[in-house]
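Descriptive structure summary
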Amino acid sequence: MGLLTILRKLKARQRHMRLLLLGLDNAGKTSVMHALLGTPPLGVDGEPTPIAPTVGFDIHTLTVGSPVSDSAAGTTASLSVPGGGDIGDGSAATNTIHVWDVGGQASIRPFWRNYFDATDGLLFVVDAADPARLPAAGRVMAQVCKEERLAGVPLCVLANKQDVPGAMDARSVAAALGLLGEEGRGAQGEEEGGVGLIGDKRHWMVFPCTAMGGGGGWRGDTPVEGGGGGNGALPLPTGATADRVDLAVRGLAEGVGWLVADVSARLFEGL
Ligand SMILES: Nc1nc2c(ncn2[C@@H]2O[C@H](COP(=O)(O)OP(=O)(O)OP(=O)(O)O)[C@@H](O)[C@H]2O)c(=O)[nH]1
Ligand SMILES: [Mg+2]
């Protein structure tokens, strides 16, 4: 077996990828990170403690597709989402996912560009219970997506805070962000200032979710899908009623699972 083949097999087996977690301040990025890690911040009394705004960035590591491999570091956890898979020789692959959680305050956003290199997938978190800020979130997202270093990188939008009564569903969030506003999709929701993502080769999807895993009043719907590659079907909200909070909790894992699977296909297919 040649050296190149060995290296390729090693890469295929390890499947490291880097996701960048962005969004306006207060969207819930760090909360999403804690939810994914299964480690809500707790005080000494065991009660949840408020999450402080992120100044700078934090890196966390998740593994997908195999049991927990290392939890000693405190920032490593396994996640039950799809995204592992057979790597061609009958053995299962493990995706090791490095998530960069970067602060979203206006004063910090200019530094986001320092994190674009080597990004394989984008997680963009929005506060679906704060419609007034969604157009601004859409503009910021569009700016990020214009970045050459992020060309074609799949985008998972997390329409967070679905536990808050009145939170917008995935389709409304997609429209408010300008994702549905360009020609070619046949989608409703023409929105001024569309972000111009549609028509490029980027896969995107909006998932309704909550980082809280509790509360009431959640309104369920299905993810809204679009982007290049002919996957522009836009399923209508189903108005699901059963166990809505649970669905929103699962929406988080599903969203990350979708992104991991998409990135995997992009990075590791054919290895
Ligand atoms: N109800 C509800 N509150 C949430 C949810 N996610 C986050 N929050 C709250 O929203 C506030 C901001 O959450 P953070 O996770 O700090 O937001 P962030 O995007 O990391 O903010 P920056 O670090 O400043 O960019 C906190 O008070 C969280 O408790 C959610 O799903 N539901
Ligand atoms: Mg934060």
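Here is a short report on the structure shown in this document. Just so we're clear, the structure is a prediction, and the values are computed from it rather than from any experiment.

Looking at the overall build of the protein chain
For the protein chain, the helix and strand inventory stands at five helices and 10 strands. Across the 271 residues that make up the protein chain, the buried fraction comes to 47%. Contacts in the protein chain between residues at least 24 apart in sequence constitute 75% of all its contacts with a sequence separation of at least 6. For the protein chain, the accessible surface area stands at approximately 12,400 Å², while carbon and sulfur atoms represent 55% of it.

Brief notes about the environment of A170
Inspection of the secondary structure puts A170 in helix 4 (residues 170-176). A170 sits 35 residues away from M205 along the chain, and the two C-alpha atoms are 9.2 Å apart.

What about the coordination of the magnesium ion (ligand 2)?
Only T30 (OG1) and T54 (OG1) from the protein reach the magnesium ion (ligand 2) as donors, at distances of 2.0 Å. Of this pair, T30 sits in helix 2 (residues 29-37) while T54 is found in the loop between helix 2 and strand 2 (57-64), placing the two residues 24 residues apart along the sequence. Take T30: its relative accessible area is 15%, and that puts it in the buried class. Residue T54 is classed as buried on the basis of its relative accessible area, which comes to 13%.

A few points about the pattern of salt bridges
Going through the model one piece at a time under the given rule, you end up with five salt bridges. Close ionic contact of R149 with D117 constitutes a salt bridge, the shortest N to O distance being 3.4 Å. Highlighted residues: R149 in the loop between helix 3 (134-146) and strand 8 (155-160) and D117 in the loop between strand 6 (95-102) and strand 7 (121-127), separated in sequence by 32 residues. Exposure remark for R149: the relative accessible area of 37% places this residue in the partly exposed category.

Concerning helix 2
Buried residues dominate helix 2, accounting for seven of its nine residues. Of the positions making up helix 2, those classed as buried are K29, T30, S31, V32, M33, L36 and L37. Positive backbone phi, approximately 70°, marks G38, located one or two places after helix 2.

What to know about the site of ligand 1
Contacts to ligand 1 come from 20 residues, most closely from K29, S31, T54, G104 and D163. Note that an oxygen atom of ligand 1 is positioned 3.0 Å from one of the side-chain N or O atoms of T30. The contact in question runs from an oxygen atom of ligand 1 to an N or O atom on the side chain of T210, over 3.1 Å. It is helix 2 that contributes the most residues to the shell around ligand 1, three residues altogether. A breakdown of the residues in the shell around ligand 1 according to their chemical character gives seven nonpolar, nine polar and four charged.

Conventions we followed
- Residues numbered from 1 in each chain as written.
- Chains lettered and ligands numbered in written order.
- Predicted model: local features only at pLDDT ≥ 70, side-chain atom pairs only at ≥ 80, totals over all residues.
- Heavy atoms only, no water.
- Helix = DSSP H or I, 4+ residues; strand = E, 2+ residues; numbered from the N terminus.
- Buried < 20%, exposed > 50% of the residue type's maximum accessible area, 1.4 Å probe, protein only.
- Contact = heavy atoms within 4.5 Å.
- Areas by Shrake-Rupley, 256 points an atom, 1.4 Å probe, with all protein chains shown as cover.
- Donors = N, O, S within 2.8 Å, 3.2 Å for Na, K, Ca; no water.
- Salt bridge = Lys/Arg side-chain N within 4 Å of Asp/Glu carboxyl O.
- Near = heavy atom within 4 Å.
- Polar contact = N/O pair within 3.5 Å; in protein donor to acceptor, adjacent residues only side chain to side chain.
- Nonpolar A, V, L, I, M, F, W, Y, C, P; charged D, E, K, R; others polar.

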